[in-house]
Amino acid sequence: MHIPDGYLGPYTCMFFYIVMIPFWYKGIKWLKNLHPKQVPLLGVLTAFSFLVMMYNLPVPDGTTAHIVGGTIIAILIGPWAATVSISIVLLIQALFFGDGGITTYAANCFNMAVVLPFVGYYTYRVLRTKINDVAAAGIGAYVGLVTAAIVAGFEFGLQPYIQQGYCPYTFWVSVPAMAFAHLVTAGPAAAVVTATVLWYVKKSQPELFSMGEPEALRG
Amino acid sequence: MDRLTKTFLAIIGVLIILSPIGILLVWNYGDAWGEWDPSDLSNQVHEKLTGMEKLSSTWTHAVLPDYNVPGWEDKLHASVGYIISAVVGVALVLGAYYALMKFVSPSS
């Protein structure tokens, strides 16, 4: 889901930098809410996110996809923490490993560090009132990842209408391709990993399960 | 450090050691959608992508491009390169995280 340099034109890239500024600002400010005990936990979760993204999973059409771990961070700490933590991961990936891009960095942050954790988190919050919360976490991760992939697909696919010479495929091609890879491979993987982690946390440290709640943070 | 953080540290260790699965499982697979080499894509669509060519070389200083030591092409070398990348990546991510935390200094 990492859009490389060159696939989005300058206007599209600039647009996403402008969009991301308030999200980064709010996210970094939100970190002040962290309980001192949560600081090392968010650190290891950030490293966890970097590592799970290295696990490329085979997609039946011959491509690959990976999970992000954003919904886990959003549920255990909070969606704003996920925004900051995944933005850090994406920056390191772009600078040192050539994964993603510099011009496309903000667009990638929007997809994986904003859309993914927020959609995942709120899907979980809504479902949790109706079904088992471990299952809700898994479904949240699935919905968050697939939604982020579809949003990335739209960015690829709108580019030919904005400026030519960059991503050549329109969204009729890019959206189904991005959705497919994440619906069949990475989405189910994200659901299983997230549900397993949350099941373990609930079992071993149930008090942490609710730490991402705004009420628990203020209390 | 609480128990959950310790558990995640152990998981991180396991994920680093097993990381080559992330390339071996997809060894004969193509790139992820939309992450192709610009010249390959240009040939594929029979179109000169001038903007892409220009922007794609924005940043050429990645030390471990594609999570590998340049030139380590075979499965064994690429796996070792991948593990090195995992270790370096985790160190850089944690370094950046704690640098930001120092700047933000939560709950102080």
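Source: prediction; values computed, not measured.

What counts and how
- Residues numbered from 1 in each chain as written.
- Chains lettered and ligands numbered in written order.
- Predicted model: local features only at pLDDT ≥ 70, side-chain atom pairs only at ≥ 80, totals over all residues.
- Helix = DSSP H or I, 4+ residues; strand = E, 2+ residues; numbered from the N terminus.
- Rg over C-alpha atoms; globule rule 2.2 N^0.38 Å.
- Axes fitted to C-alpha atoms, helices over the stretch in contact; angles between N-to-C directions.
- Left-handed = near helix turned anticlockwise from the far one by under 90°.
- Contact = placed C-beta atoms within 7 Å.
- Nonpolar A, V, L, I, M, F, W, Y, C, P; charged D, E, K, R; others polar.
- Buried ≥ 20, exposed ≤ 12 C-beta atoms within 10 Å, placed from the backbone.
- Core = buried A, V, L, I, M, F, W, Y, C linked by C-beta atoms within 7 Å.
- Parallel < 35°, antiparallel > 145°, perpendicular 65-115°, else oblique.

What about the overall build of chain B?
Thinking step 1. Along chain B, the regular secondary structure elements total 5 helices and 0 strands.
Thinking step 2. Mapped from its N terminus to its C terminus, chain B presents α and β elements in the order α-α-α-α-α.
Thinking step 3. Against the 2.2 N^0.38 benchmark of 13 Å for 108 residues, chain B shows a C-alpha radius of gyration of 19 Å, more extended than a compact globule.
Thinking step 4. Seen through its C-alpha atoms, chain B measures out along the principal axes to roughly 55 × 35 × 25 Å.

What to know about the packing of helix α2 (residues 38-52) of chain A against helix α5 (residues 75-104) of chain B
Thinking step 1. As a packed pair, α2(A) and α5(B) sit with axes 9 Å apart at the nearest point and diverge in direction by 145 degrees. Regarding α2(A) and α5(B), the two cross each other, and that crossing is right-handed. Residue-level contacts link A:Val39, A:Gly43, A:Thr46, A:Ala47, A:Phe50 and A:Leu51 of α2(A) to B:Ala86, B:Gly89, B:Val90, B:Val93, B:Leu94, B:Tyr97, B:Tyr98 and B:Met101 of α5(B).
Thinking step 2. Its residues assigned to classes, the contact of α2(A) with α5(B) shows 11 nonpolar, 3 polar and no charged.

Things to note about the interface of chain B and chain A
Frequently, the measure chosen for interface size is the accessible area removed from exposure when the parts meet.
Thinking step 1. Between chain B and chain A, the residue contacts involve 56 residues of the former and 59 residues of the latter.
Thinking step 2. Going through the elements one at a time, α1 (3-18), α2 (21-24), α3 (38-45), α4 (50-56) and α5 of chain B are the ones with two or more residues in the side of chain B that touches chain A.
Thinking step 3. In terms of residue count, α5(B) provides more of the side of chain B that touches chain A than any other element does, 13 residues in total.
Thinking step 4. Per-class residue counts for the side of chain B that touches chain A are 38 nonpolar, 12 polar and 6 charged.

Here's the deal with unusual backbone geometry
Apart from glycine, the bulk of residues carry a negative phi angle, and the bulk of peptide bonds sit in the trans form.
All names here are of chain B.
Thinking step 1. For histidine 46, which is not glycine, the phi dihedral falls at a positive 50 degrees.
Thinking step 2. With respect to the helices and strands, the residue histidine 46 is situated in the loop between α3 and α4.
Thinking step 3. In this structure, aspartate 66 takes a positive phi of about 55 degrees despite not being glycine.
Thinking step 4. Within the secondary structure layout, aspartate 66 lies in the loop between α4 and α5.
Thinking step 5. Aspartate 66 sits in the partly exposed class, given 15 other C-beta atoms within 10 Å.

Details of the nonpolar core
Thinking step 1. If you look at the biggest cluster of nonpolar residues, it comprises 103 residues, and the most contacted ones within it are A:Leu45, A:Leu51, A:Cys109, A:Met112, A:Leu145, A:Ala148 and B:Val93.
Thinking step 2. Excluding its chain neighbours within four sequence positions, the residues that come into contact with A:Leu45 are A:Ile72, A:Ile73, A:Leu76, A:Ile77, A:Ser85 and B:Phe8.

Re the packing of helix α4 (residues 79-97) of chain A against helix α5 (residues 105-128) of chain A
Residues and elements named next belong to chain A.
Thinking step 1. At their nearest, the axes of α4 and α5 sit 9 Å apart, and the two run at 150 degrees to each other. By the angle between their axes, α4 is roughly antiparallel relative to α5. Judged by the twist between their axes, the crossing of α4 over α5 is right-handed. Across from Pro79, Ala82, Thr83, Ile86, Ser87, Leu90, Leu91 and Ala94 in α4, the residues of α5 making contact are Tyr105, Asn108, Cys109, Met112, Ala113, Val114, Pro117, Phe118 and Tyr121.
Thinking step 2. Per-class residue counts for the contact of α4 with α5 are 14 nonpolar, 3 polar and no charged.

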